[in-house]
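These are the residues of each chain, in order.
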Amino acid sequence: LVPRASTASQAIAGATLHSEIIIEQLHGYALFDTDECAILIATGVFMAKALIIVESPTKARTITKYLGRGYTVMASVGHIKDLPTSKLGVDLEHDFEPQYVTIKGKSKVLAEIKKKAEEVDKVFLAPDPDREGEAIAWHLEQELLGKSKSKSKKKTEGKVFRVLFNEITESAIK
C-alpha cells in the first residue's frame, strides 16, 4: 500500500477523523482515517476488484450498499474452524500445535470465499474487532493462503489484508 513515510495525510491536511481503519499486511501496519482511504481509493492505490469478508450477512448487505461497484462483500457467518470434538485437538508430538477442522456446514461458505478470493486483486478480512473476530480472520487467512492442510502457496499470497471497521456507517466505510 502506501509506505509509512508518504501517507496520504499530507494531501488532506486538516481532514476530519470519522473512524480509523487499520490495514495489516502480514507483519506491517498502516493506519489511515476514512478520508485518507477515500483518497487512496480515488487515486487507484487500492485495486478496483476487492473482496471484503465480514462476520454477518447483515453487515455484508449494509457494506455492499455503501461501497457499490468494484467490491464484493461476503459473510463468513461466524467461525469457520474449530478444534475437533472427537479427539484431543492438539499434536502432542509437535509442541502442542492445534489441529483445527472446518466446522460442519461451513465447507460451502469457505469454498465460495476461496473461489471469489482467487478472482479479485485484494482480500480484506473485516470481522469484528474482538478476540473472536481475530480468530475468524486468522482462520480465513490460513485457508486463503493454503496453510491449513498443505504448505503450498496459492494465488492469494501477498493480497490478504486485515481491516478493522470501528463502526458500520456510510461515512466510516467510505
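Analysis parameters
Each chain has its residues counted from 1, running along the sequence as written. Only residues with pLDDT of at least 70 are given local features in this predicted model, and only at 80 or more are side-chain atom pairs given and counted; all residues enter the totals for whole chains, interfaces and linings. Calculated side-chain values reflect all of the structure's heavy atoms, with hydrogen atoms and water omitted. Salt bridge criterion: a side-chain nitrogen from Lys or Arg within 4 Å of a carboxyl oxygen from Asp or Glu. Labels follow the DSSP assignment, with helices taken as runs of H or I lasting at least four residues and strands as runs of E lasting at least two, numbered in each case from the N terminus. Here the term buried applies to any residue with accessible area under 20% of the maximum for its type, exposed to any over 50%, and partly exposed to those in between, with areas from a 1.4 Å probe on protein chains only. We define a nonpolar core as any set of buried Ala, Val, Leu, Ile, Met, Phe, Trp, Tyr and Cys residues linked to one another through side-chain atoms lying within 4.5 Å. Contacts are assigned to residue pairs that have any heavy atoms within 4.5 Å of one another. Whenever a nitrogen or oxygen atom comes within 3.5 Å of another N or O atom, the pair is scored as a polar contact, on the condition that within protein one atom can donate a hydrogen and the other can accept it, and that pairs from neighbouring residues in sequence are kept only if both atoms are in side chains. Each axis is a line fitted through C-alpha atoms, taken for helices only over the stretch in contact, and angles between the N-to-C directions span 0 to 180 degrees. Here the angle decides the label: under 35 degrees means roughly parallel, over 145 means roughly antiparallel, 65 to 115 means roughly perpendicular, and every other value means oblique. Here a crossing is taken to be left-handed if its near helix is turned anticlockwise relative to the far helix by less than a right angle, and right-handed if that turn runs clockwise. Note that Gly is not counted as nonpolar here; it falls among the polar residues with everything else outside the nonpolar set of Ala, Val, Leu, Ile, Met, Phe, Trp, Tyr, Cys and Pro and the charged set of Asp, Glu, Lys and Arg.

> Give a description of the pattern of salt bridges that names residues and reports values.
Proximity of charged atoms lets side chains of opposite charge pair with each other. According to the stated counting rule, one finds five salt bridges in the structure shown. Residues Lys 116 and Glu 119 are paired through a salt bridge, measuring 3.3 Å at the closest nitrogen-oxygen approach. Here Lys 116 and its partner Glu 119 are both found in helix α3 (residues 107-119), three residues apart, which amounts to about one turn of the helix. Exposure remark for Glu 119: the relative accessible area of 38% places this residue in the partly exposed category. What you see here is one network of salt bridges that share partners, running through Lys 81, Lys 114 and Glu 143.

> How would you sum up the nonpolar core? Please name residues and give values.
In this structure, Leu 51, Ile 53, Ile 113, Val 123, Leu 125, Leu 140 and Leu 144 are the most contacted members of the largest nonpolar core, which totals 17 residues. Discounting residues that sit within four places of it in the chain, Leu 140 has contacts with Ile 53, Ser 76, Ile 80, Leu 110, Ile 113 and Leu 125. Counting 16 residues, the second largest nonpolar core, distinct from the first, contains Phe 124, Ala 126, Phe 165 and Ile 173.

> Report on the side chain of Glu 143, specifying residues and quantitative values.
Topologically, Glu 143 is positioned in helix α4 (residues 131-144). Side chain to side chain, Glu 143 and Lys 81 meet in a polar contact 2.8 Å long.

> Go over the packing of α3 against α4, please, and point to the residues and values.
Contact geometry of α3 with α4 gives a least axis separation of 10 Å together with a crossing angle of 60°. As the angle between them shows, α3 and α4 are arranged oblique. For the pair α3 and α4, the crossing hand works out as right-handed. Side by side, α3 and α4 meet where Leu 110, Ile 113, Lys 114 and Ala 117 of the first sit next to Leu 140, Glu 143 and Leu 144 of the second. Considering only residue class, the contact of α3 with α4 consists of five nonpolar, no polar and two charged.

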